[in-house]
Structures are given as C-alpha cells and as structure tokens.
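This is what each chain is made of:
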Amino acid sequence: MTAAADTLDREIDDLVKVARDYDARHEPITDLRWPEGVRIAVNFTADFDAMLLRRLLNEPPMQLAKGEFGGRVGIWRLIELFDTYGVKATFFTPGRICELYPDSLRAAARSGHEVADHMWEHHVPKDPALERDHLRKTMTALESVTGRRPYGTRSWHTQALLVEEGFLYNSHGHASHRPYYVWDAERRSRLLNIPFHYNIDDAMYYSFAWLGSSNPAQRISDTDRVEELWWNAFWQQYQQEGGYLNICLHPFVSGRALRIAMLERLIQRMKRLPGVWFPTCEEVARHCLANHPPRSAA
Amino acid sequence: MPWKQNYTISDEKSLADSEIRWPGGARCCFSVTVDLSVAAGPEGIRAADLTTGPAYFGMHEGLAGLRAVLARHGVRATFAVPAVMARIQADALRSLAAEGHEIAANGFRHEDVSGLDRAEEKARIERTGAIIAEVTGSRPVGWYSLPRQGDPFAVGTISPNTMDLLIEAGYEYMGNGLADDIPHWWVTDFATRRAILTMPYYYHFDDQWFLMFPSKGTGLEHADSLFRNWRAEFEAQYRRGRHFHMVLHPRHVGWAHRLQLLDEFLSHALRHPGVWNPTAAECVRHWKATYPKETHLQLSPSVWKDYPGSLS
C-alpha cells in the first residue's frame, strides 16, 4: 500500500470511528409498549417563551408584542382546549415567565398539566457555574408557582448537569420516532430523550421570520394544510404497536383563534379512535423508565 | 425595572370571550383595513416607487375593483394613507370619506421610523395629520404603521417614542398591534397609566404576505391559503364572539381573480347573523366607552428581579 493510500484509509477509519461512537451513545427502545389498551401516546407540548426569545434576540417592539400574545391570550386558550378534552399537556417554560405570567402557570398546574424547564431565559450560559445557577433558578421559580419541581426539560443544558439535578428526561432531539436513551459525548451521563420533530412544530408553518429566516424563505401555511400533515403523522404512528407523536406548539403561534379551532378538530379526530393516550411527557418518561429501562451498563 | 417594561406592553390577561360586548348585541366585530401605500422600502415612498405598473394599477383599477366589491357587500373599511398618498389620491380620499369609510394615517411616506429622533418623528406625525386634514376636511384619529413586504418582520415598525408621540398628538388609537386579537391598551408609562388603545393586526390575514410572496426563493401565489386563513379565522372568532380583522392592498387583492376570492369570502362571512362592521374609529369609541382603561387595565407591579448574568 502506498503512503497516500494509507493516509486516505486513515481518514476513513477516523470517520468510521466517529460514526460508531455516535451510534454507541444511542439506545433506542425497540419494543416500546404502552399501558394496557393504549396504542399510541400523543404528547401535546408547548414552549411557553412568549416574548422572551424575541427579547433575547433584540428583536423590535412589535415582534415582542407578537410574543406577548402567547402570555395574554394563547396560553389560556391552550389550557382551556386541553382541559375540555382531558388532554394532559407539557408546558416547557423559561423560569423568567414565572415573573411575567404566574397566574397562567398556576392554572396549568391546577389542571394537572406538567410545567417543565425551558431554560431560565431561553439560553444556556457557557460558564458552567452560571449554567447551574440558571437551571436552579428555573427549578425554584417553577416550583414556587406550581408547587412542584420540574422533572423534564426542553433545553441545551449540559446533560450531566441535568442528571445530577434529578431530571428524568430532555425533549429535544429527534434521533428516533420514539423515546430513546442517549449518552453524552463524554460518557458521563445517560438520559431519556422524548423526541419532537420540527415537522410537527407550529412555528415552522406559521411564524414569520422564525429565528431570522429571510423573506425569500418564509413558511406561511393555512390550518387546513397543517391539519392534514399532522393527522397523517398521527395516523402512521397509530397503525404501529407502541406509536408515539409529539406535537410542539407555541402559545403565541397556536393560541390564535383559527389554530385553536384546528387543534380542536385534530383532538376530536384522534379521540374518535380507541387506544389514544394523552399523557404529559413526564408520564411517558416514567412509563419508559419503569418498563423499558436503559441497559444496565455502558 | 419598574414594570415589565421592554417585555410587555399591556396587562397580564386578555378579556375572556364571555366578557366581550358589541353594540346592539352583535355577535362578532368585522373590521377591514385597506393600505393605500405603494410598495416601498424602509425609507418610505420615493419617486421610483410611484412610477411602477403595480403602483399605477393599485391607484386605479385595483382600487376601483376593491371599492366595487366592498360596496357590493356594504362593507366599510379604514383606509390607512401615508401623507404623500393623501396628496396624490386626494379625490379618491374625499369620495371614500363621503361613502362612510374612515381615513387614517399610515406614516408620512410609510417609512420605517425606528431610527428617527424624537423631534423628527414628532414633526412627521404632526405634518401627516395636517395634510390629511387639508385633503379630507378632518384630522385622522387613527395611526397605522403597517408592515412593508420587504421588512424583516411582518409586524410594522415603530420607534421607542412612537406610541408616546401619538398620545401627545391626540391620536385615539394605534392601528396595528400584535399582543391581542381585540382592541387592547398599549401602556407607555406604568406609573401614570398613560396608554393608547391599539387595534389588532396579524400577518396571516394580510393579503401582501400571500400574493406572490416572497417574490424570490420559496415564493409563489398563495391566494388559496389566504382565503382559507380568512375563513378559518372568521369562523373561529365568530364562534368566540370576538373580532375579525383583515388587511387589503388594492395593488394585491385588486387583481381580478383575487377579488373574486375576496367577494366569495365576504359573501360567506356576512351571511352570518350579528356581524358588526364598524370603521376602526367606531370600534375604538365603543371600546373606550365599554372598557375604559381606568377600570379595565389591570396593571400589577413587576416582580422582576435583576440578577448578575441575566437579562435586565
């Protein structure tokens, strides 16, 4: 073998090793089964950042007002909708929202919804001490309004820190359709991931200038179209054993009257079928941990 | 932070559906804004913006076609007009006002005011009001800052002073805000409860974001989506007894086959009993009489704390 070929092969070997390592960090749950009589678990999740992310990104006043709709109007409509249909939802909430919209969070908790972490101010500081400070601030803030500490998160928080602080799951990645366990890159910690995918995320269909998307790249859809896309996603999973769907909403987006009406139709269609379970993410996590625990050793 | 300043502009919770009352026991409010600007950039209308086919079309056939559809359904609208367009389309404005439509301001040249200093912005607001008054015979009571197609956000641009200057200039309402889907108070000073009533705007009911938009990239004609949005929002708001609002541009919706969609939508919506169709000013007067800020603006003091390493 020539020296050049040797170098080329080493390049390949390095990449193969990276891919294998990444593979080895993931533990999918291949035989997922829900409690007796349940075919599919549907998690309605809502990221309740209202105007916080817009503020963090220094967007102009009218953009903040667009987010404010989520706190004044949207969150209340979602709670009312879920309560009407016995749906238990998960509200991923930045800690700061407790200072802006405490009443809505109390109402969500009273109705049995889960209020989980979504970072203190929708970002994770680079400094580890400050990161821990932000996470703990959020835990304290959420507990002070809901009466219960959060066990779940949707965040970029360091996984080992989350595990250390007693979190049961992160709902962030989508390496699988179904919940899966994942090790961090340093193999320090393993955590359950409750996946959501951007194609079942309201912001991708309705939110103008989402994270700075430029005008030639806007995505503006109507509710008829989105209802059919999401219904198809549900139906595909419903036909499987151990189906799972996570519907990611934002109160400032889906709280608009036409979209609440669309979600209502979607829930009604789902509820016409037997075996559809609407738990919180925490319930899904506890079910997985108890019935499909991670492998005993790394 | 004395209040939730730089985060929120109004109180913590909107009115519930059950608290909303419209005149004469009407079920739902139906309001229409027509933007009489021509396509322009952030600097506002320039000579080049006035000498285009779409600008000409919007001022003539497009406007005439739109007026005919509105007239056929007896719909009254608020026309949001930049000062420069008030001069250019003076005759049209006078006849619109005579037909019972409202004429409101939409900037001096429909420019982005976010970078203007206070004195300059104040002068433009004053001059705009005066010019519209000269043309129509009465000062506008509403001010709009409607978004332009090229804006990075589909919400409209204001400066940190705009709302305060509008109150100072005696405006009764700001035409486009996004914090609610009914009229709501935009607070400029927590301590004195200084506030201006703001009418709701949302880009999914504004024709310009659906008709050959974006003009590049993924852009295409989405007239069908726009129509479905109007219908879905109207039905949802009618059921709730709240407020439906749409924004139209003669140069966009005025194109013949798109007008047909508007015509169909208006037929559908106005078949419903108990739809109240005021101008924005009439809606605002009803609102101020029914939900005055003295009794209905529920401002609670901030519990926000400043921490090192956190947003302030």
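Source: prediction; values computed, not measured.

Draft legend 1. Geometry of the overall build of chain B. What chain B contains, in helices and strands, is 11 helices and 9 strands. The C-alpha radius of gyration of chain B comes to 19 Å, within 12% of the 20 Å expected for a compact globule of 312 residues. Its C-alpha atoms give chain B principal-axis dimensions of about 55 × 45 × 45 Å. Every one of the 312 residues in chain B was classed for burial, and the buried ones make up 48%.

Draft legend 2. Main features of the interface of chain B and chain A. Of the residues lining the interface, 49 residues belong to chain B; the matching set on chain A comes to 42 residues. Take the side of chain B that touches chain A: its biggest share by element is 9 residues, from helix H7 (residues 223-240) of chain B. Class assignment for the residues of the side of chain B that touches chain A results in 19 nonpolar, 19 polar and 11 charged.

Draft legend 3. Expanded view of unusual backbone geometry. Residue B:Phe213 is joined to B:Pro214 through a cis peptide bond whose omega torsion reads -10°. Take B:Pro214: it is sitting in the loop between strand S7 (194-200) and H7. Phi angles above zero are rare outside glycine, and A:Met119 is one such case at about 75°. One can find A:Met119 in the loop between strand S4 (114-117) and helix H6 (128-146). For A:Met119, a count of 26 C-beta atoms within 10 Å gives the class buried. Positive phi outside glycine occurs at B:His110, with the angle close to 60°. Turning to its location among the elements, B:His110 is positioned in the loop between strand S3 (102-105) and helix H5 (118-136). Residue B:His110 is classed as buried on the basis of its 30 C-beta neighbours within 10 Å.

Draft legend 4. Up close: the nonpolar core. Ranked by size, the top nonpolar core spans 164 residues in total, and within it A:Val42, B:Phe79, B:Val81, B:Ala104 and B:Ile196 carry the most contacts. Among the elements that make up this core, the one with the highest residue count is helix H3 (residues 61-84) of chain A (10 residues). Setting aside anything within four residues of it in sequence, one finds A:Val42 in contact with A:Phe234, A:Leu245, A:Ile247, A:Met270, A:Val276, A:Trp277 and A:Phe278.

Draft legend 5. Structural detail: the packing of H3(A) against helix H5 (residues 102-110) of chain A. All names here are of chain A. With their axes 10 Å apart at the nearest point, H3 and H5 run at an angle of 5° to one another. In terms of their interaxial angle, H3 and H5 are classed as roughly parallel. Residues Gly71, Ile75, Trp76 and Ile79 of H3 form the contact with H5, whose participating residues are Ser104, Ala107 and Ala108. For the contact of H3 with H5, the class distribution of residues is 5 nonpolar, 2 polar and no charged.

Draft legend 6. Local environment of the confidence of the model for chain B. Averaged over all residues, the pLDDT of chain B is 95; the fraction at 70 or higher stands at 99%. Model confidence for the complex is summarised by a pTM of 0.97, with the ipTM given as 0.97.

Draft legend 7. A look at the pairing of strand S1 (residues 28-35) of chain B. Residue and element names in this part refer to chain B. S1 sits mainly inside the fold: 8 of its 8 residues count as buried. Note: S1 against strand S9 (residues 275-276), 2 bridges, orientation parallel. Along S9, the bridge assignment pairs Cys28 with Val275. Here S1 runs beside strand S8 (residues 243-248); their pairing, made up of 6 bridges, is parallel. Among the inter-strand pairings, Ser31 is bridged to a residue of S8, identified as His245. As judged from the 3 bridges shared by S1 and strand S2 (residues 78-81), these two strands associate in the parallel manner. By the bridge assignment, Thr33 is partnered in S2 with Thr78.

About the cut-offs
Residues numbered from 1 in each chain as written. Chains lettered and ligands numbered in written order. Predicted model: local features only at pLDDT ≥ 70, side-chain atom pairs only at ≥ 80, totals over all residues. Helix = DSSP H or I, 4+ residues; strand = E, 2+ residues; numbered from the N terminus. Rg over C-alpha atoms; globule rule 2.2 N^0.38 Å. Buried ≥ 20, exposed ≤ 12 C-beta atoms within 10 Å, placed from the backbone. Contact = placed C-beta atoms within 7 Å. Nonpolar A, V, L, I, M, F, W, Y, C, P; charged D, E, K, R; others polar. Core = buried A, V, L, I, M, F, W, Y, C linked by C-beta atoms within 7 Å. Axes fitted to C-alpha atoms, helices over the stretch in contact; angles between N-to-C directions. Parallel < 35°, antiparallel > 145°, perpendicular 65-115°, else oblique. pLDDT = per-residue confidence, 0-100. Pairing = 2+ DSSP bridges.

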